There are 2 protein chains.
Amino acid sequence: MEKPQAGARGRNRNGERAERSAQRDPERTRASILAAATQEFAENGMGGARVDAIAERAGINKRMLYHYFGDKEQLYLAVLEEAYIGIRTAEKAINLSDLEPEEGIAELAMFTWRYFLEHPEFLSLLGTENLHRARWLRQSTRLKELHSQLMGKLSDLLERGRAKGLFREDVDPLHLYLTMAALGYFYLSNQYTLSTIFGRDLAEHPNLEGWERHIVHVTLASIRR
Amino acid sequence: MEKPQAGARGRNRNGERAERSAQRDPERTRASILAAATQEFAENGMGGARVDAIAERAGINKRMLYHYFGDKEQLYLAVLEEAYIGIRTAEKAINLSDLEPEEGIAELAMFTWRYFLEHPEFLSLLGTENLHRARWLRQSTRLKELHSQLMGKLSDLLERGRAKGLFREDVDPLHLYLTMAALGYFYLSNQYTLSTIFGRDLAEHPNLEGWERHIVHVTLASIRR
DNA sequence: CAAGCCAGTAACTAAACAGTTACTTTGTGG
DNA sequence: CCACAAAGTAACTGTTTAGTTACTGGCTTG
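In this text the structure is predicted, and so the values were computed from the model without any measurement.

Brief notes about the overall build of chain A
Step number 1: For chain A, the helix and strand inventory stands at 13 helices and zero strands.
Step number 2: Counting the 225 residues in chain A, one finds 49% classified as buried.
Step number 3: Taking all contacts inside chain A whose residues are at least 6 apart in sequence as the whole, residues at least 24 apart take part in 66%.
Step number 4: Surface exposure of chain A reaches about 11,800 Å², of which carbon and sulfur atoms provide 48%.

Here's what the structure looks like:
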């Protein structure tokens, strides 16, 4: 009890939980910088994000930001990597082996839609990264190895549906994935200009539910025989 | 000949074409600032765009930029307005009255795709504007009056197709428009991250043509009875 | 032809910005 | 219990940035 293990987290030398009193907590500091940076970059893009604003949001000293992440660009890359890891991890958890081909495709389409809906910061970071022509994504060896889990699941479902005579023979899995993703991404990422121009609030609940059904409908219609 | 009309453009007091020698040409100056700003904002977003860079690209003195447009924000708004006017003008020129419903829908889908393909700066500006939740678009009375011409043409084609028993009864014209736009927008605006992750260059010609066919296929499949 | 306005220039300014320096505090292993 | 490393702070620095000032030169109209 008198001598706590070295490097142990969650307890200080008195054996009390450290989370409360901890004045010094590297992991927590790192995590709060990353969370603050995710918000700031998502809201303002790479060019508009302010290092001082991130430090303030995180409630830390700016020096710490440079201590943990090097500079603004490396911090941005860390944010981007974490965002991709988030969706890839969620994709892994989906289990479709019990489902019929059509149900499985519908499930994947809804998963993608709901993930986008619940993670607007991911969409925003994608937009920023594409504005810069994937400059940081291309640098990241970590992310290039992190393939989408969805493609494999999609190919499997297509194969099963084809065998049953439900789906067309010549469906490209990438095209199918892009179709589902496009319908969700565009609706959400462009909701502000679209709502303004069409005078119809796309973020309202009935509209969101309607669009989810629409995505499933379009996706299935495009592959059925 | 000795007295040129007031405000006449294109000629100086000697009756010579002014375009060549003109040291002073307000319209040309204004236009070149706007063109330079369009590029700069499209490449770097609102936060990343630099007023000095715009002035340099336009080959003018920075003072002129403030003279003609007030400040950075108003210049950005002018760029955005011009971009929207561009697509709305192009939409107006489409004539579909001679076409069968299916052909007409296909034509509109291809028009949207090709317009996006040929005007990457428009996509980029849309992305930036949505990052800021349509902050400037909402301010612009000019743009709020500028409704999409496509919606009317789309409703007409849907009606004709429905009457012939080709299309489903309950197709929402807005959903149809969003579907066509989403498929084109996402493919192009996210081409850099997608190409990196899937290891397949989406900008290659065969891929672009394949995607155009795909858009037409998906759009029609989604509305057919 | 002169008066005045409008297009245009160069150099400046105050604030914002990313990144650094020099220092203090805290925890822990020998 | 001390020495050292890592966590943390405050104040600073050089540069970049949007926007301005004070000025020049040319065109048009009365």
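Some words on the pattern of salt bridges
Step number 1: One pass over the structure, following the stated rule, counts 28 salt bridges over all chains.
Step number 2: The salt bridge partner of A:Arg224 is A:Glu102, with a shortest N-O separation of 2.9 Å. Of the two residues, A:Arg224 sits in the segment after helix 13 (205-223) while A:Glu102 sits in helix 6 (residues 101-118), which places them 122 residues apart along the sequence.
Step number 3: Note on A:Arg224: relative accessible area 36%, which makes it partly exposed.
Step number 4: Relative accessible area serves as the criterion here: at 24%, A:Glu102 is assigned to the partly exposed category.
Step number 5: Ionic pairing is found between B:Arg200 and A:Asp172, a salt bridge with its closest N-O pair at 2.8 Å. Of this pair, B:Arg200 sits in the loop between helix 12 (191-198) and helix 13 (205-223) while A:Asp172 sits in the loop between helix 10 (150-163) and helix 11 (173-189), on two different chains.
Step number 6: B:Arg200 sits in the partly exposed class, given a relative accessible area of 33%.

Description of the environment of A:Val216
Residues and elements named next belong to chain A.
Step number 1: Counting through the fold element by element, Val-216 comes out in helix 13.
Step number 2: Taking C-alpha positions, Val-216 is 9.7 Å from Trp-113, a pair spaced 103 residues apart along the chain.
Step number 3: Those residues within four positions of Val-216 in sequence are excluded, and the remaining contacts are Ala-106, Ala-109 and Met-110.

Examining the packing of helix 2 (residues 26-48) of chain B against helix 5 (residues 72-92) of chain B
Residues and elements named next belong to chain B.
Step number 1: Two elements in contact, helix 2 and helix 5, have axes separated by 9 Å at closest approach and are oriented at 100 degrees. By the angle between their axes, helix 2 is roughly perpendicular relative to helix 5. Judged by residue contacts, Ile-33, Leu-34, Ala-37, Thr-38, Phe-41, Met-46 and Gly-47 of helix 2 engage Lys-72, Glu-73, Leu-75, Tyr-76, Ala-78, Val-79 and Glu-82 from helix 5.
Step number 2: Residues that form the contact of helix 2 with helix 5 fall into these classes: nine nonpolar, two polar and three charged.

Considerations on the interface of chain A and chain B
Step number 1: Taken together, the contact pairs 51 residues of chain A with 51 residues of chain B.
Step number 2: Each partner contributes to the roughly 4,400 Å² buried at the junction of chain A and chain B, and carbon and sulfur atoms together form 69% of this total.
Step number 3: Broken down residue by residue, the surface that chain A buries against chain B is led by A:Phe186, A:Ile197 and A:Phe198, which jointly contribute 14%.
Step number 4: For the pair chain A and chain B, the interface holds two salt bridges.
Step number 5: The tally of links from chain A across to chain B stands at 12 residue pairs in polar contact (both at pLDDT 80 or more).
Step number 6: Those elements that provide at least two residues to the side of chain A that touches chain B are helix 2 (26-48), helix 5 (72-92), helix 7 (120-131), helix 8 (135-139), helix 11, helix 12 (191-198) and helix 13 of chain A.
Step number 7: Among the elements that line the side of chain A that touches chain B, the one with the most residues is helix 11 of chain A, at 12 residues.

A look at the relation of the copies chain A and chain B
Step number 1: The two copies are related by a screw operation: chain A maps onto chain B through 180 degrees of rotation and 0.0 Å of translation along the axis, at an RMSD of 0.0 Å. Each copy turns onto its partner about a two-fold axis.
Step number 2: Most of the interface of chain A is mirrored in chain B, where 100% of its interface residues are also at the interface.

A word on the packing of aromatic side chains
Step number 1: Per the counting criterion, the structure on display carries 22 aromatic pairs over all chains.
Step number 2: A ring pair is formed by A:Tyr115 and A:Phe122, whose centres lie 6.2 Å apart and whose planes are at 85 degrees; its orientation type is edge-to-face.
Step number 3: Through pairs of rings, three or more aromatic residues link up here, namely A:Tyr84, A:Phe111, A:Tyr115, A:Phe116, A:Phe122, A:Tyr185 and B:Phe186.

What to know about helix 12 of chain A
Step number 1: Across the eight residues that make up helix 12 of chain A, a large majority, six, are buried.
Step number 2: Residues of helix 12 of chain A that are buried: A:Gln191, A:Thr193, A:Leu194, A:Ser195, A:Thr196 and A:Ile197.
Step number 3: Where helix 12 of chain A is buried, its residues contact helix 11 of chain A together with helix 5, helix 7 (120-131), helix 8 (135-139), helix 9 (141-145) and helix 11 (173-189) of chain B.
Step number 4: Just downstream of helix 12 of chain A, A:Gly199 is the residue with a positive phi angle, here 60 degrees.

With respect to the side chain of B:Thr38
Residues and elements named next belong to chain B.
Step number 1: One can find Thr-38 in helix 2.
Step number 2: Since its relative accessible area comes to 14%, Thr-38 is described here as buried.
Step number 3: In this structure Thr-38 touches Val-79, Glu-82, Glu-121 and Leu-125, once residues within four positions along its chain are discounted.

Observations concerning the side chain of B:Glu129
Residue and element names in this part refer to chain B.
Step number 1: Considering the arrangement of structural elements, one finds Glu-129 in helix 7.
Step number 2: Arg-138 provides the closest opposite charge to the buried, salt-bridge-free Glu-129, at an N-O distance of 7.1 Å.
Step number 3: There is a polar contact of 2.7 Å between the side chain of Glu-129 and the side chain of Tyr-76.

Here is what the cut-offs are and how they apply
- Residues numbered from 1 in each chain as written.
- Chains lettered and ligands numbered in written order.
- Predicted model: local features only at pLDDT ≥ 70, side-chain atom pairs only at ≥ 80, totals over all residues.
- Heavy atoms only, no water.
- Helix = DSSP H or I, 4+ residues; strand = E, 2+ residues; numbered from the N terminus.
- Buried < 20%, exposed > 50% of the residue type's maximum accessible area, 1.4 Å probe, protein only.
- Contact = heavy atoms within 4.5 Å.
- Areas by Shrake-Rupley, 256 points an atom, 1.4 Å probe, with all protein chains shown as cover.
- Salt bridge = Lys/Arg side-chain N within 4 Å of Asp/Glu carboxyl O.
- Axes fitted to C-alpha atoms, helices over the stretch in contact; angles between N-to-C directions.
- Parallel < 35°, antiparallel > 145°, perpendicular 65-115°, else oblique.
- Nonpolar A, V, L, I, M, F, W, Y, C, P; charged D, E, K, R; others polar.
- Buried area = accessible area lost by both parts, 1.4 Å probe.
- Polar contact = N/O pair within 3.5 Å; in protein donor to acceptor, adjacent residues only side chain to side chain.
- Least-squares fit on C-alpha atoms with pLDDT ≥ 70 in both.
- Phe/Tyr/Trp six-rings, centres within 6.5 Å; stacked < 30°, edge-to-face > 60°.
- Lys, Arg positive; Asp, Glu negative; His and termini not counted.

Worth remembering: the numbers are spatial, not functional.
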